[in-house]
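# Secondary and tertiary structure notes
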Amino acid sequence: MIGMLPLPAAQRDTGMDAINAKDLTKHFFHRRGIFGRRCLTAVNNVTLSVRKGEAFGLLGPNGAGKTTLIKMLTTLITPSKGELFVNGYGLREEKKIKGSISLIYPGERSFYHRLTGRQNLEFFAALHGIHPSPARVKIGGLLKTVGLSNDADVWFEKYSSGMKQRLAVARGLLNDPEIIFMDEPTKGLDPIEARRFRRFVREFLSGEKRKTVFLATHQLDEAEDICDRVAVMDSGEIKICGMIGEFAGSGRTGLYDLLVRTVDGGKS
Amino acid sequence: MNFFIKAAAFIKKSFIIQKNYPLQFFIVIFDIVLGLAFFYFLTKMLGQDQEQRFGFYGGGLFTFFLIGMAYAGFLYTWLYCFSDMLQNEFYSGTLEVALATPTGIFQILFFSSLWPQLYAFLNVFLYFIIGILIFGARISAANYPLVLTVTLVSMVAFAGLGITSAALLIVFKKGDLLKKALYVPSLFLSGVYFPVEALPGWLQKISSILPATYSLRAIRNALGGNSAGSVYGDIGVLAIFAAILFPAGIYIFKRAFLHSKKVGSLTSY
């Protein structure tokens, strides 16, 4: 097996962990006929740790369980089984977890189209309990950081895909989170905008701000550009986990081989 | 303090969005004028005698219609502001982001309902202003503190049903189940467009289990300046409805929310 699986929680210094999951499992039940129901295990006994300040990538094909795992880590879905600590908070401290994380989606949806970029950010700042005056100052700074100062007062619906994504990043930084979760963040972006986004995450969020980044993606070059460590997920299970540099033939080819070997058994 | 910041943010957000659809406001006014004109001319056609028969409601037949129409809009808001706003958040994809913040689901539900409720008050105000100034409706003896009391107690009772409607939306992804079960029958049976006494006996019995019957009758009496004693009984019944329906709505919604988090359907639609 290539790479390393995370050590059991008891053997590690959990104070250094941003995310610590043990045997995390999620079953979904689907109706089958009138009385029957079928159990689908979307995430199966995932044990995982992510260190503070680390950029961690979750690779895997569509339907591997990446989004379900992220939703459990961000408390949007209740796990069927397992233990989870995010920034040291257990699932019973959901509000504290939410206060210390943010979730960045592909930017097309999840904003109010008939509000300007600035108005959208003001609204979401209030949801984080940030008072209007400091929020205005913070939003001004964030809009500058993501390069939207000149378009801050334009309706969101007029934004390009790249601008929408940059606004999503600005929103993700409103509460100065310790962990930033990203689920397919460059979906729908052109290659230049996607590359700009990756550089921003790598250099600014990971490098300068020392944020913990948890990225779910099926784009290998994205994982390579951003992440220190990756795990490959398939059929709800983490198949392999390790530093990017550990994989044979490091770089994109190495990651591609890893994914194919892990998911497809090398058939492709 | 956070409570007021969030409440203000929700109201501001909804106000700006509404403002950015300026035509909608004029359509609302047009609807009010057109609806009232329809009943005004119907009243005229029925003649003076018919108008006087409705004197005990505090005005003529047209005033009876005016109060009924304004109330119907209010009833709709009370029953649907929670599920409608939640559905909007589903569709715009903003609910998941909001839920990933420390703002809880009950706060989101409550704050989201503030703007529709304010808008409903504006709507009622417009009904009465247009009804009085253009169509000559007579509401001169109204007991406004009593009207306000009935309104507040009714809001709590109907909020219980509205929150239950939102719970149905979360679980079944359809929030209009209560619309068919409650809103339409209430329009028909609670004295919105004709007095309950005009219904056959068995329908009057059904009418007596609908909170809207007591709410509307109390509002009509309070607006008509009838004795406060005639209103207190209805307020008492409404208070019982409120004491049962509101906690029940909260409980059902909480169960629905936890269920949807468990089955992973919270943000799908």
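Reference entry: report on the structure contained in this document. Being a predicted model, the structure only gives us computed values, none of them experimental.

## Quick look at the sheet that holds strand β5 (residues 89–90) of chain A
All names here are of chain A.
- The strand order β2-β1-β4-β5 describes an open sheet built from 4 strands, whose pairing is antiparallel. Whereas interior strands pair on both sides, the edge strands pair on one side only; in this sheet they are β2 (36–51) and β5.
- As judged from the 5 bridges shared by strand β1 (residues 17–32) and strand β4 (residues 81–86), these two strands associate in the antiparallel manner. Across the sheet, residue Asn20 finds its bridge partner in β4, namely Phe85.
- Where helix α1 (residues 66–73) meets the sheet, its contacts fall on β1, β2 and β4, and the angle it forms with β2 comes to roughly 65 degrees.

## Observations regarding the packing of helix α3 (residues 61–92) of chain B against helix α5 (residues 105–133) of chain B
Residues and elements named next belong to chain B.
- The contact between α3 and α5 brings their axes to 9 Å, and the two run at 160 degrees. Taken as axis vectors, α3 and α5 run roughly antiparallel relative to one another. You can see that α3 and α5 cross each other, and the crossing is right-handed. Facing Leu66, Met69, Ala70, Gly73, Phe74, Thr77, Cys81, Phe82, Asp84, Met85, Leu86 and Glu89 of α3, the residues of α5 in contact are Leu109, Ser112, Ser113, Pro116, Gln117, Ala120, Asn123, Val124, Tyr127, Phe128 and Gly131.
- Across the contact of α3 with α5, the residue classes tally to 14 nonpolar, 7 polar and 2 charged.

## Examining the nonpolar core
- Within the largest apolar cluster, 148 residues are counted, with the highest numbers of intra-cluster contacts made by Phe181, Val213, Leu215 and Ala231 of chain A.
- In terms of residue count, α3 of chain B provides more of this core than any other element does, 19 residues in total.
- With sequence-adjacent residues up to four places away left out, Leu215 of chain A is seen in contact with Phe56, Gly57, Leu58, Met182, Ala223, Ile226 and Cys227 of chain A.

## Observations regarding the pairing of β4 of chain A
All names here are of chain A.
- Across 2 bridges, β4 lies against β5 in antiparallel orientation. For Val86, the partnering residue across the bridge sits in β5 and is Tyr89.
- Hairpin connection, β4 to β5: the antiparallel pair is bridged by 2 residues, and Asn87 has positive phi, about 55 degrees.

## Section: helix α5 (residues 161–172) of chain A
Residue and element names in this part refer to chain A.
- In a regular helix each residue adds 1.5 Å, so 12 residues correspond to 16 Å; α5 covers 17 Å between its end C-alpha atoms and thus fits that length.
- Burial runs high along α5: 9 of the 12 residues are buried.
- Those residues of α5 lying buried are Lys164, Gln165, Arg166, Leu167, Ala168, Val169, Ala170, Arg171 and Gly172.

## Topic: the interface of chain B and chain A
- In this assembly, 25 residues from chain B lie in contact with 25 residues from chain A.
- Going through the elements one at a time, α1 (2–19), α4 (94–99) and α10 (228–263) of chain B are the ones with two or more residues in the side of chain B that touches chain A.
- Top contributing element to the side of chain B that touches chain A by residue count: α1 of chain B, with 7 residues.
- Split into classes, the residues belonging to the side of chain B that touches chain A amount to 11 nonpolar, 9 polar and 5 charged.

## Remarks on α1 of chain A
Residues and elements named next belong to chain A.
- For α1, the buried fraction is high: 7 of the 8 residues fall into the buried class.
- For α1, every residue scored as buried is listed here: Lys66, Thr68, Leu69, Ile70, Lys71, Met72 and Leu73.
- Immediately downstream of α1, the backbone of Thr75 shows phi near 70 degrees, a positive value.

## A short note on unusual backbone geometry
Residue and element names in this part refer to chain A.
- In this structure, Asp23 is a non-glycine residue whose phi angle is positive, near 55 degrees.
- For Asp23, the position within the fold is in strand β1.
- A positive phi is found at Glu184, a non-glycine position, where the angle reads about 45 degrees.
- Mapped onto the elements of the fold, Glu184 is located in the loop between β7 (179–183) and α6 (191–208).

## Observations concerning the environment of Tyr214 of chain B
Residue and element names in this part refer to chain B.
- Following the sequence through the fold, Tyr214 ends up in helix α9 (residues 211–223).
- Taking C-alpha positions, Tyr214 is 9.0 Å from Val231, a pair spaced 17 residues apart along the chain.
- If we ignore the near neighbours within four places in the chain, the residues touching Tyr214 are Asp234, Val237 and Leu238.

## Let's talk about the pairing of strand β8 (residues 212–217) of chain A
Residue and element names in this part refer to chain A.
- Along β8, 6 of the 6 residues are buried, which leaves the element largely enclosed by surrounding structure.
- When strand β3 (residues 55–59) meets β8, the two strands line up parallel, connected through 5 bridges. Its bridge partner lying in β8, Ala55 is registered against Val213.
- By the bridge criterion, 5 bridges tie β7 to β8 in an arrangement that is parallel.

Calculation rules
- Sequence order as written defines the numbering, with residues in each chain counted from 1.
- As they are written, the chains are lettered A onward and the ligands numbered 1 onward, keeping that order.
- Totals for whole chains, interfaces and linings use every residue, but because this is a predicted model, local features are given only for residues with pLDDT of at least 70 and side-chain atom pairs only at 80 or more, for both listing and counting.
- When DSSP finds two or more bridges between a pair of strands, those strands are recorded as paired.
- Every helix listed is a DSSP run of H or I at least four residues long, and every strand listed is a run of E at least two residues long, numbered separately from the N terminus.
- By definition, residues are in contact whenever their C-beta atoms, placed on the basis of the backbone, come within 7 Å of each other.
- Angular values range over 0 to 180 degrees, each being the angle between N-to-C directions of two axes fitted as lines to C-alpha atoms, with helices fitted over their stretch in contact.
- Throughout this description, any angle smaller than 35 degrees is read as roughly parallel, any larger than 145 degrees as roughly antiparallel, any in the 65 to 115 degree range as roughly perpendicular, and the remainder as oblique.
- Throughout, a crossing is termed right-handed when the near helix is turned clockwise from the far one, and left-handed when it is turned anticlockwise from it by less than a right angle.
- Under the scheme applied, nonpolar residues are Ala, Val, Leu, Ile, Met, Phe, Trp, Tyr, Cys and Pro; charged residues are Asp, Glu, Lys and Arg; polar residues are all the others, including Gly.
- By convention in this section, buried Ala, Val, Leu, Ile, Met, Phe, Trp, Tyr and Cys residues joined through C-beta atoms within 7 Å make up a nonpolar core.
- Each residue is classified by how many other C-beta atoms fall within 10 Å of its C-beta atom, where C-beta atoms are placed from the backbone; a count of 20 or more means buried, 12 or fewer means exposed, and values in between mean partly exposed.
- Expected span of a helix, by definition, is 1.5 Å for each gap between consecutive residues, and there is one gap fewer than residues.

Don't take any of this as a statement about function, it's just geometry.
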